[in-house]
Amino acid sequence: MRASEATTYYFNKAADQLQLPEWVRKLLVTNKREVTVQVAFERDDGRIETVLGYRVQHDNARGPMKGGLRYHPAVDLDEVRALAALMTWKTAVVELPYGGAKGGIGIDPKTLTKREMERMTRSFVDQIHEIVGPDSDIPAPDMGTNHEVMAWFRSQWEKYHGFNPAVITGKPVEEYGARGREEATGRGVGTMAVKMMKRLNIRPDQCRTAIQGFGNVGSHAGKYLHEAAFPVVAVSDLSGTYFKPKGLNIPELFSHVIKNKGSLEGYSGAEKLPAEDLLGLDVDLLIPAALGDVITKSNADRIRAKTIIEAANGPIDPEADEILEARNVTILPDILANAGGVTVSYFEWVQNRQHYRWSLDRVRQELDRTLTDAFEQVWQEAVTRKVSLRTAAFMLAITRVQRASELAGWLI
Ligand code: GLU
(Lines give C-alpha, C1' and ligand atoms only; values in the text may rest on other atoms or scores of the structure.)
Protein backbone atom coordinates (compact mmCIF):
# COMPACT_ATOMS: atom_id res chain seq x y z
CA MET A 1 0.00 0.00 0.00
CA ARG A 2 1.31 3.45 -0.86
CA ALA A 3 1.95 5.89 1.99
CA SER A 4 -0.87 8.24 0.96
CA GLU A 5 -3.32 5.31 0.73
CA ALA A 6 -2.42 4.30 4.27
CA THR A 7 -3.12 7.82 5.60
CA THR A 8 -6.43 7.93 3.72
CA TYR A 9 -7.33 4.49 5.09
CA TYR A 10 -6.92 5.71 8.68
CA PHE A 11 -8.85 8.89 7.83
CA ASN A 12 -11.74 6.86 6.40
CA LYS A 13 -11.89 4.54 9.39
CA ALA A 14 -12.51 7.56 11.63
CA ALA A 15 -14.77 9.24 9.05
CA ASP A 16 -16.96 6.09 9.07
CA GLN A 17 -17.38 6.42 12.85
CA LEU A 18 -18.29 10.08 12.40
CA GLN A 19 -20.62 9.23 9.51
CA LEU A 20 -19.00 11.96 7.46
CA PRO A 21 -20.74 12.57 4.12
CA GLU A 22 -18.81 11.74 0.97
CA TRP A 23 -18.48 15.36 -0.17
CA VAL A 24 -16.89 16.39 3.15
CA ARG A 25 -14.44 13.47 2.96
CA LYS A 26 -13.42 14.46 -0.54
CA LEU A 27 -12.88 18.07 0.46
CA LEU A 28 -10.83 17.12 3.53
CA VAL A 29 -8.69 14.51 1.77
CA THR A 30 -7.80 16.49 -1.35
CA ASN A 31 -4.62 18.56 -1.14
CA LYS A 32 -4.91 22.31 -1.63
CA ARG A 33 -1.73 22.44 -3.69
CA GLU A 34 1.03 20.09 -4.80
CA VAL A 35 4.24 21.48 -6.21
CA THR A 36 7.12 19.58 -7.82
CA VAL A 37 10.17 21.62 -8.73
CA GLN A 38 13.54 21.14 -10.34
CA VAL A 39 16.33 21.66 -7.83
CA ALA A 40 19.62 22.15 -9.67
CA PHE A 41 22.83 22.91 -7.80
CA GLU A 42 26.57 22.85 -8.24
CA ARG A 43 28.64 20.00 -6.84
CA ASP A 44 32.02 20.87 -5.32
CA ASP A 45 33.75 19.52 -8.44
CA GLY A 46 31.80 21.91 -10.69
CA ARG A 47 29.23 19.40 -12.04
CA ILE A 48 25.57 20.41 -11.98
CA GLU A 49 23.30 18.00 -10.11
CA THR A 50 19.56 17.96 -10.78
CA VAL A 51 17.04 16.48 -8.32
CA LEU A 52 13.32 16.90 -7.59
CA GLY A 53 11.89 18.93 -4.73
CA TYR A 54 8.32 18.86 -3.43
CA ARG A 55 5.96 20.90 -1.28
CA VAL A 56 2.45 19.65 -0.67
CA GLN A 57 -0.04 21.91 1.11
CA HIS A 58 -2.87 19.82 2.44
CA ASP A 59 -5.29 21.99 4.39
CA ASN A 60 -5.43 25.49 5.92
CA ALA A 61 -8.85 25.59 7.57
CA ARG A 62 -7.35 25.92 11.06
CA GLY A 63 -4.47 28.28 10.18
CA PRO A 64 -1.29 28.63 8.13
CA MET A 65 0.02 25.29 6.91
CA LYS A 66 2.89 23.74 8.85
CA GLY A 67 5.23 20.85 8.28
CA GLY A 68 8.80 19.71 7.84
CA LEU A 69 11.26 19.31 4.99
CA ARG A 70 12.67 15.83 4.48
CA TYR A 71 15.89 15.04 2.61
CA HIS A 72 15.89 11.29 1.96
CA PRO A 73 16.27 9.04 -1.11
CA ALA A 74 12.74 7.62 -0.60
CA VAL A 75 11.09 11.07 -0.80
CA ASP A 76 8.59 11.25 -3.68
CA LEU A 77 5.30 13.00 -4.28
CA ASP A 78 3.26 10.19 -2.75
CA GLU A 79 5.24 10.12 0.50
CA VAL A 80 5.07 13.91 0.82
CA ARG A 81 1.28 13.78 0.25
CA ALA A 82 0.87 11.29 3.09
CA LEU A 83 3.07 13.30 5.44
CA ALA A 84 1.31 16.59 4.60
CA ALA A 85 -2.08 15.14 5.52
CA LEU A 86 -0.67 13.70 8.76
CA MET A 87 0.45 17.25 9.67
CA THR A 88 -3.12 18.56 9.33
CA TRP A 89 -4.41 15.88 11.69
CA LYS A 90 -1.42 16.28 14.04
CA THR A 91 -1.80 20.05 14.49
CA ALA A 92 -5.54 19.55 15.01
CA VAL A 93 -5.10 16.83 17.68
CA VAL A 94 -2.87 19.09 19.79
CA GLU A 95 -4.94 22.17 18.94
CA LEU A 96 -2.23 24.30 17.37
CA PRO A 97 -3.62 27.08 15.13
CA TYR A 98 -2.20 25.51 11.97
CA GLY A 99 -3.05 23.40 8.96
CA GLY A 100 -0.75 20.83 7.40
CA ALA A 101 1.95 20.70 4.73
CA LYS A 102 5.17 18.82 4.01
CA GLY A 103 8.08 19.04 1.62
CA GLY A 104 11.33 17.45 0.72
CA ILE A 105 13.95 16.46 -1.78
CA GLY A 106 14.58 12.94 -3.04
CA ILE A 107 18.29 12.67 -2.25
CA ASP A 108 20.53 10.98 0.31
CA PRO A 109 22.01 13.88 2.29
CA LYS A 110 24.95 11.67 3.33
CA THR A 111 26.20 11.91 -0.27
CA LEU A 112 26.45 15.71 -0.04
CA THR A 113 29.13 17.92 1.45
CA LYS A 114 27.99 20.73 3.71
CA ARG A 115 28.47 23.34 0.99
CA GLU A 116 26.54 21.19 -1.53
CA MET A 117 23.70 20.83 0.96
CA GLU A 118 23.62 24.61 1.37
CA ARG A 119 23.57 25.25 -2.39
CA MET A 120 20.83 22.65 -2.86
CA THR A 121 18.72 24.18 -0.08
CA ARG A 122 19.10 27.69 -1.49
CA SER A 123 18.15 26.45 -4.97
CA PHE A 124 15.04 24.76 -3.51
CA VAL A 125 14.05 28.04 -1.82
CA ASP A 126 14.48 29.88 -5.14
CA GLN A 127 11.80 27.56 -6.55
CA ILE A 128 9.26 27.59 -3.70
CA HIS A 129 9.75 30.93 -1.87
CA GLU A 130 6.51 32.39 -3.22
CA ILE A 131 4.29 29.69 -1.73
CA VAL A 132 5.77 29.65 1.78
CA GLY A 133 5.66 32.42 4.39
CA PRO A 134 4.91 33.12 8.08
CA ASP A 135 1.17 33.48 7.42
CA SER A 136 0.76 30.82 4.75
CA ASP A 137 3.08 27.83 5.06
CA ILE A 138 5.89 27.44 7.59
CA PRO A 139 8.49 24.68 7.02
CA ALA A 140 10.59 22.98 9.72
CA PRO A 141 13.12 20.14 10.09
CA ASP A 142 12.33 16.51 9.39
CA MET A 143 14.42 13.46 8.54
CA GLY A 144 17.74 14.47 6.91
CA THR A 145 17.45 18.17 7.70
CA ASN A 146 18.52 20.12 10.78
CA HIS A 147 18.87 23.62 12.24
CA GLU A 148 21.60 24.54 9.76
CA VAL A 149 19.35 23.76 6.80
CA MET A 150 16.65 25.90 8.44
CA ALA A 151 19.11 28.80 8.76
CA TRP A 152 20.03 28.59 5.03
CA PHE A 153 16.36 28.37 4.13
CA ARG A 154 15.54 31.47 6.12
CA SER A 155 18.47 33.47 4.78
CA GLN A 156 17.56 32.63 1.17
CA TRP A 157 13.84 33.35 1.69
CA GLU A 158 14.67 36.72 3.30
CA LYS A 159 16.62 37.72 0.17
CA TYR A 160 13.26 37.86 -1.60
CA HIS A 161 10.91 38.95 1.19
CA GLY A 162 12.96 40.78 3.86
CA PHE A 163 13.53 40.03 7.56
CA ASN A 164 11.02 37.58 8.99
CA PRO A 165 12.44 34.66 10.99
CA ALA A 166 8.91 33.25 11.56
CA VAL A 167 9.00 31.89 7.99
CA ILE A 168 10.60 28.68 9.24
CA THR A 169 11.03 26.92 12.61
CA GLY A 170 13.68 24.64 14.04
CA LYS A 171 16.33 27.33 13.50
CA PRO A 172 19.59 27.45 15.49
CA VAL A 173 19.00 28.91 18.97
CA GLU A 174 21.45 31.73 18.13
CA GLU A 175 19.40 32.57 15.04
CA TYR A 176 15.90 33.03 16.43
CA GLY A 177 15.42 29.33 17.21
CA ALA A 178 13.49 28.21 20.30
CA ARG A 179 15.28 26.67 23.22
CA GLY A 180 14.18 23.06 23.52
CA ARG A 181 13.09 22.60 19.86
CA GLU A 182 15.75 20.01 19.11
CA GLU A 183 14.80 17.71 22.00
CA ALA A 184 11.05 18.40 21.65
CA THR A 185 9.85 15.45 19.54
CA GLY A 186 11.75 12.87 21.60
CA ARG A 187 10.78 14.54 24.85
CA GLY A 188 7.14 14.47 23.77
CA VAL A 189 7.40 10.75 22.99
CA GLY A 190 8.84 10.18 26.46
CA THR A 191 6.10 12.27 28.08
CA MET A 192 3.46 10.19 26.29
CA ALA A 193 5.12 6.92 27.37
CA VAL A 194 5.00 7.98 31.02
CA LYS A 195 1.30 8.95 30.77
CA MET A 196 0.38 5.82 28.90
CA MET A 197 2.08 3.43 31.34
CA LYS A 198 0.33 5.17 34.20
CA ARG A 199 -3.00 4.56 32.48
CA LEU A 200 -2.08 0.93 31.85
CA ASN A 201 -0.89 0.46 35.44
CA ILE A 202 2.62 -0.51 34.44
CA ARG A 203 5.45 0.79 36.62
CA PRO A 204 8.21 2.58 34.64
CA ASP A 205 10.89 0.27 36.06
CA GLN A 206 8.86 -2.73 34.82
CA CYS A 207 8.54 -1.37 31.28
CA ARG A 208 11.33 -2.84 29.17
CA THR A 209 11.62 -0.60 26.14
CA ALA A 210 13.14 -0.97 22.67
CA ILE A 211 13.69 2.01 20.37
CA GLN A 212 14.16 1.61 16.61
CA GLY A 213 16.31 4.51 15.39
CA PHE A 214 18.71 6.62 17.45
CA GLY A 215 18.56 9.88 15.53
CA ASN A 216 17.19 13.12 16.91
CA VAL A 217 13.84 11.61 17.96
CA GLY A 218 14.94 8.16 19.18
CA SER A 219 17.91 9.45 21.17
CA HIS A 220 15.98 12.16 23.00
CA ALA A 221 13.10 9.77 23.71
CA GLY A 222 15.64 7.30 25.10
CA LYS A 223 17.23 9.96 27.29
CA TYR A 224 13.89 11.07 28.71
CA LEU A 225 12.78 7.50 29.41
CA HIS A 226 16.13 6.58 30.97
CA GLU A 227 15.75 9.55 33.34
CA ALA A 228 12.18 8.44 34.08
CA ALA A 229 13.57 5.02 35.21
CA PHE A 230 12.40 2.99 32.18
CA PRO A 231 14.88 0.20 31.37
CA VAL A 232 15.70 0.93 27.72
CA VAL A 233 17.02 -2.51 26.78
CA ALA A 234 17.61 -2.06 23.04
CA VAL A 235 18.24 0.65 20.48
CA SER A 236 19.05 0.22 16.81
CA ASP A 237 20.12 2.05 13.67
CA LEU A 238 21.31 0.88 10.25
CA SER A 239 24.48 -0.54 11.83
CA GLY A 240 22.63 -3.00 14.11
CA THR A 241 20.64 -3.54 17.30
CA TYR A 242 22.41 -2.90 20.61
CA PHE A 243 20.84 -5.01 23.33
CA LYS A 244 21.35 -5.17 27.09
CA PRO A 245 18.60 -6.99 29.03
CA LYS A 246 19.29 -5.08 32.28
CA GLY A 247 19.03 -1.68 30.53
CA LEU A 248 21.44 0.27 28.35
CA ASN A 249 23.60 3.14 29.53
CA ILE A 250 21.79 5.80 27.50
CA PRO A 251 24.04 8.78 28.42
CA GLU A 252 27.03 6.71 27.21
CA LEU A 253 25.23 5.88 23.93
CA PHE A 254 24.36 9.53 23.55
CA SER A 255 28.01 10.62 23.72
CA HIS A 256 28.99 7.70 21.45
CA VAL A 257 26.74 8.87 18.60
CA ILE A 258 27.83 12.50 19.02
CA LYS A 259 31.47 11.44 18.60
CA ASN A 260 30.64 8.96 15.84
CA LYS A 261 28.83 11.17 13.27
CA GLY A 262 25.40 10.07 14.48
CA SER A 263 25.99 6.30 14.17
CA LEU A 264 25.81 3.60 16.87
CA GLU A 265 28.48 1.60 14.98
CA GLY A 266 31.31 0.46 17.23
CA TYR A 267 29.42 0.77 20.53
CA SER A 268 30.81 -1.99 22.73
CA GLY A 269 28.72 -1.68 25.91
CA ALA A 270 25.98 -4.06 24.69
CA GLU A 271 25.35 -7.24 22.72
CA LYS A 272 25.15 -6.52 18.99
CA LEU A 273 22.34 -8.13 16.96
CA PRO A 274 21.20 -7.59 13.36
CA ALA A 275 19.26 -4.30 12.90
CA GLU A 276 16.02 -6.10 11.97
CA ASP A 277 16.00 -8.12 15.24
CA LEU A 278 14.87 -5.11 17.28
CA LEU A 279 11.21 -5.37 16.29
CA GLY A 280 10.89 -8.96 17.53
CA LEU A 281 12.51 -8.51 20.95
CA ASP A 282 10.65 -9.56 24.08
CA VAL A 283 9.89 -6.07 25.46
CA ASP A 284 6.87 -4.28 26.93
CA LEU A 285 7.12 -1.09 24.91
CA LEU A 286 8.28 -0.72 21.32
CA ILE A 287 9.06 2.71 19.89
CA PRO A 288 9.63 2.85 16.12
CA ALA A 289 11.48 6.17 15.74
CA ALA A 290 12.94 5.87 12.26
CA LEU A 291 11.32 5.44 8.85
CA GLY A 292 7.71 4.95 7.86
CA ASP A 293 6.20 1.60 6.84
CA VAL A 294 8.49 -0.57 8.97
CA ILE A 295 5.76 -2.72 10.54
CA THR A 296 3.77 -4.53 7.86
CA LYS A 297 1.80 -7.77 7.61
CA SER A 298 5.06 -9.57 6.83
CA ASN A 299 6.55 -8.88 10.27
CA ALA A 300 3.58 -7.91 12.50
CA ASP A 301 3.43 -11.47 13.90
CA ARG A 302 6.99 -11.15 15.20
CA ILE A 303 6.11 -8.26 17.48
CA ARG A 304 5.93 -9.24 21.14
CA ALA A 305 5.46 -5.81 22.75
CA LYS A 306 1.97 -5.12 24.13
CA THR A 307 2.37 -1.36 23.63
CA ILE A 308 3.71 0.62 20.67
CA ILE A 309 4.35 4.35 20.53
CA GLU A 310 4.73 5.69 16.98
CA ALA A 311 7.57 8.19 17.24
CA ALA A 312 8.13 8.03 13.45
CA ASN A 313 5.50 9.15 10.97
CA GLY A 314 3.52 6.24 9.50
CA PRO A 315 5.60 3.33 10.86
CA ILE A 316 2.68 0.84 10.90
CA ASP A 317 0.75 0.07 7.72
CA PRO A 318 -3.02 -0.57 7.91
CA GLU A 319 -2.78 -4.34 7.49
CA ALA A 320 -0.31 -4.62 10.36
CA ASP A 321 -2.45 -2.20 12.38
CA GLU A 322 -5.45 -4.58 12.04
CA ILE A 323 -3.34 -7.60 13.05
CA LEU A 324 -1.97 -5.81 16.12
CA GLU A 325 -5.35 -4.42 17.11
CA ALA A 326 -6.84 -7.93 16.97
CA ARG A 327 -4.08 -9.01 19.36
CA ASN A 328 -4.97 -6.14 21.73
CA VAL A 329 -1.69 -4.32 21.28
CA THR A 330 -2.16 -0.70 22.40
CA ILE A 331 -0.83 1.72 19.78
CA LEU A 332 -0.32 5.42 20.42
CA PRO A 333 -0.56 6.95 16.93
CA ASP A 334 2.04 9.21 15.29
CA ILE A 335 -0.28 12.22 15.03
CA LEU A 336 -0.32 12.39 18.83
CA ALA A 337 2.90 10.60 19.84
CA ASN A 338 5.34 12.73 17.86
CA ALA A 339 3.47 16.05 18.05
CA GLY A 340 6.02 17.50 20.51
CA GLY A 341 8.18 18.72 17.62
CA VAL A 342 5.54 20.78 15.88
CA THR A 343 4.29 22.02 19.26
CA VAL A 344 7.65 23.62 20.08
CA SER A 345 7.82 24.83 16.46
CA TYR A 346 4.62 26.70 17.25
CA PHE A 347 6.25 28.19 20.36
CA GLU A 348 9.21 29.28 18.20
CA TRP A 349 6.89 30.96 15.69
CA VAL A 350 5.03 32.74 18.51
CA GLN A 351 8.32 33.97 20.01
CA ASN A 352 9.55 35.19 16.61
CA ARG A 353 6.35 37.11 16.03
CA GLN A 354 6.52 38.70 19.49
CA HIS A 355 10.27 39.35 19.38
CA TYR A 356 10.45 37.71 22.78
CA ARG A 357 12.36 34.69 24.09
CA TRP A 358 11.08 32.05 26.44
CA SER A 359 13.28 30.17 28.91
CA LEU A 360 13.84 26.43 28.41
CA ASP A 361 11.73 25.83 31.53
CA ARG A 362 8.80 27.67 30.04
CA VAL A 363 9.07 25.77 26.75
CA ARG A 364 9.13 22.44 28.59
CA GLN A 365 6.23 23.39 30.85
CA GLU A 366 3.98 24.54 28.01
CA LEU A 367 4.94 21.49 25.94
CA ASP A 368 4.02 19.21 28.81
CA ARG A 369 0.68 20.96 29.30
CA THR A 370 -0.21 20.87 25.59
CA LEU A 371 0.64 17.20 25.20
CA THR A 372 -1.03 16.17 28.46
CA ASP A 373 -4.29 17.86 27.43
CA ALA A 374 -4.20 16.17 24.02
CA PHE A 375 -3.34 12.78 25.48
CA GLU A 376 -6.22 12.93 28.01
CA GLN A 377 -8.70 13.99 25.32
CA VAL A 378 -7.69 11.20 22.96
CA TRP A 379 -7.70 8.60 25.73
CA GLN A 380 -11.16 9.70 26.86
CA GLU A 381 -12.50 9.67 23.29
CA ALA A 382 -11.18 6.13 22.76
CA VAL A 383 -12.83 4.90 25.96
CA THR A 384 -16.16 6.66 25.31
CA ARG A 385 -16.43 5.65 21.66
CA LYS A 386 -14.85 2.21 22.14
CA VAL A 387 -12.36 2.73 19.34
CA SER A 388 -8.56 2.49 19.07
CA LEU A 389 -6.40 5.44 20.12
CA ARG A 390 -5.60 6.03 16.44
CA THR A 391 -9.24 6.22 15.41
CA ALA A 392 -10.00 8.42 18.43
CA ALA A 393 -7.17 10.83 17.54
CA PHE A 394 -8.33 11.01 13.92
CA MET A 395 -11.94 11.55 15.03
CA LEU A 396 -11.02 14.51 17.22
CA ALA A 397 -8.78 15.98 14.51
CA ILE A 398 -11.31 15.54 11.70
CA THR A 399 -14.08 17.08 13.80
CA ARG A 400 -11.93 20.15 14.49
CA VAL A 401 -10.91 20.63 10.85
CA GLN A 402 -14.47 20.04 9.68
CA ARG A 403 -15.80 22.59 12.17
CA ALA A 404 -13.24 25.21 11.13
CA SER A 405 -14.03 24.65 7.45
CA GLU A 406 -17.73 24.91 8.15
CA LEU A 407 -17.36 28.14 10.17
CA ALA A 408 -15.33 29.66 7.35
CA GLY A 409 -17.99 28.72 4.83
CA TRP A 410 -16.20 25.65 3.43
CA LEU A 411 -14.58 27.38 0.47
CA ILE A 412 -11.50 28.83 2.15
N1 GLU B 1 8.72 17.32 10.87
C2 GLU B 1 8.11 17.31 12.15
C3 GLU B 1 6.83 16.50 12.14
O4 GLU B 1 6.68 15.58 11.35
C5 GLU B 1 7.94 18.71 12.71
C6 GLU B 1 7.13 19.65 11.90
C7 GLU B 1 7.18 21.09 12.41
O8 GLU B 1 7.84 21.34 13.38
O9 GLU B 1 6.53 21.93 11.77
O10 GLU B 1 5.96 16.68 12.94
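Use the structure listed above.
Residues numbered from 1 in each chain as written. Predicted model: local features only at pLDDT ≥ 70, side-chain atom pairs only at ≥ 80, totals over all residues. Heavy atoms only, no water.

A. Representation of the overall build of the protein chain within the structure. Scanning the protein chain from N- to C-terminus turns up 13 helices and 13 strands. Relative to the 2.2 N^0.38 estimate, which gives 22 Å for 412 residues, the radius of gyration of the protein chain is 20 Å and therefore close to what a compact globule would have. In terms of principal-axis extent, the alpha carbons of the protein chain reach across some 55 × 55 × 40 Å. Going through the 412 residues of the protein chain one by one, you find that 58% of them count as buried. Contacts spanning at least 24 positions in sequence make up 69% of the contacts within the protein chain whose residues lie at least 6 apart. When the accessible surface of the protein chain is summed, it comes to about 17,200 Å², and 49% of that surface belongs to carbon and sulfur atoms. The centroid of the 52 positive side-chain charges in the protein chain is displaced by 4 Å from the centroid of its 54 negative side-chain charges. (Helix = DSSP H or I, 4+ residues; strand = E, 2+ residues; numbered from the N terminus. Rg over C-alpha atoms; globule rule 2.2 N^0.38 Å. Buried < 20%, exposed > 50% of the residue type's maximum accessible area, 1.4 Å probe, protein only. Contact = heavy atoms within 4.5 Å. Areas by Shrake-Rupley, 256 points an atom, 1.4 Å probe, with all protein chains shown as cover. Lys, Arg positive; Asp, Glu negative; His and termini not counted. Charge placed at Lys NZ, Arg CZ, Asp CG, Glu CD.)

B. A look at the site of the ligand. Lining the immediate surroundings of the ligand are 14 residues, of which K66, K90, P141, D142 and S345 lie closest. Contacts to the ligand include K90, whose side-chain N or O atom sits 2.7 Å from an oxygen atom. In this structure, K102 approaches the ligand through a side-chain N or O atom, which is 3.0 Å from an oxygen atom. Burial of the ligand by the surrounding chains reaches 95%, relative to a free accessible area of 290 Å². Among the secondary structure elements, those contributing two or more residues to the shell around the ligand are helix 3 (77-93) and helix 11 (340-354). Per-element tally for the shell around the ligand: the top contributor is helix 11, with 3 residues. Split into classes, the residues belonging to the shell around the ligand amount to 4 nonpolar, 5 polar and 5 charged. (Near = heavy atom within 4 Å. Polar contact = N/O pair within 3.5 Å; in protein donor to acceptor, adjacent residues only side chain to side chain. Nonpolar A, V, L, I, M, F, W, Y, C, P; charged D, E, K, R; others polar.)

C. Spotlight on helix 6 (residues 181-199). Between its terminal C-alpha atoms helix 6 stretches 27 Å, which fits the 27 Å expected from 19 residues at 1.5 Å a residue. By the largest-angle criterion, R187 marks the main kink of helix 6, which is about 30°. Looking one or two residues past helix 6, N201 carries a phi angle of roughly 60°, positive in sign. (Expected span 1.5 Å × (residues − 1). Bend = angle between axes of the 7 residues up to and from the residue.)

D. Up close: the packing of aromatic side chains. If you walk through the whole model with that rule in mind, you get 14 aromatic pairs. Measuring from ring centre to ring centre gives 5.6 Å for F163 and Y176, while their planes differ by 70°; the resulting arrangement is edge-to-face. A residue pair is termed long-range when its members are at least 10 positions apart, and F163 in the loop between helix 5 (147-161) and helix 6 and Y176 in the loop between helix 5 and helix 6 qualify at 13 residues. The exposure class of F163 is partly exposed, given its relative accessible area of 48%. Among the residues examined, Y176 registers a relative accessible area of 39% and is labelled partly exposed. (Phe/Tyr/Trp six-rings, centres within 6.5 Å; stacked < 30°, edge-to-face > 60°.)

E. Representation of the sheet that holds strand 7 (residues 209-212). Spatially, 7 strands are ordered 10-9-8-7-11-12-13 in an open sheet, and the strand pairing comes out mixed. Taken across any chain shown, the strands that pair with only one partner, and hence form the sheet edges, are strand 10 (271-273) and strand 13 (330-332). For this sheet, the mean inter-axis angle between neighbouring strands, taken without regard to orientation, is 15°. Two strands pair when backbone bridges link them, and strand 7 and strand 8 (residues 232-237) are joined in this way by 4 bridges, in the parallel orientation. Counterpart to I211 in the pairing with strand 8 is V235. (Pairing = 2+ DSSP bridges. Axes fitted to C-alpha atoms, helices over the stretch in contact; angles between N-to-C directions.)

F. Up close: the pattern of salt bridges. Summed over the entire model, instances satisfying the criterion amount to 35 salt bridges. R70 is paired through a salt bridge with E79; the nearest N and O atoms lie 3.7 Å apart. R70 gets classed as buried once you look at its relative accessible area, which sits at 5%. In this structure, the salt-bridge partner of R199 is E376, at a minimum N-O distance of 2.4 Å. (Salt bridge = Lys/Arg side-chain N within 4 Å of Asp/Glu carboxyl O.)

G. Spatial organisation of the side chain of E310. Mapped onto the elements of the fold, E310 is located in the loop between strand 12 (307-309) and helix 9 (318-326). For E310, a relative accessible area of 0% puts it in the buried group. Of the polar contacts made by the side chain of E310, one reaches the backbone nitrogen of D334; its length is 2.7 Å. Sequence-distant contacts of E310, that is, excluding residues within four places in its chain, are made with P288, P315, I316, I331, L332, P333, D334, A337, N338 and R390.

H. Quick look at the pairing of strand 8. Within strand 8, 6 of the 6 residues are buried, which leaves it mostly tucked inside the rest of the structure. As for the winding sense of the linkage, the β-α-β connection from strand 7 through helix 7 (residues 216-227) to strand 8 is right-handed. Here strand 8 pairs with strand 9 (residues 240-243) via 4 bridges, running antiparallel. Bridge pairing in strand 9 links D237 to G240. Here strand 8 folds back onto strand 9 in antiparallel fashion, the turn holding 2 residues. (Right-handed = clockwise from strand over helix to strand, strands pointing away.)

I. Local environment of the pairing of strand 9. The two faces of strand 9 match: G240 and Y242 on one face and T241 and F243 on the other face are all buried. As judged from the 3 bridges shared by strand 9 and strand 10, these two strands associate in the antiparallel manner. Within strand 10, the residue paired with Y242 across the bridge is K272.

J. Inspection of helix 2 (residues 22-29) at higher detail. For helix 2, the set of buried residues is V24, R25 and L28. The arc that holds every buried residue of helix 2, seen down its axis, measures 100°, which confines them to one face. Away from the buried face of helix 2 by more than 90 degrees, exposed residues E22, W23 and K26 are located. Turning to helix 2, the residues buried within the fold contact helix 1 (3-18), strand 2 (48-59), helix 3 and helix 13 (389-407). (Arc of directions from axis to C-beta.)

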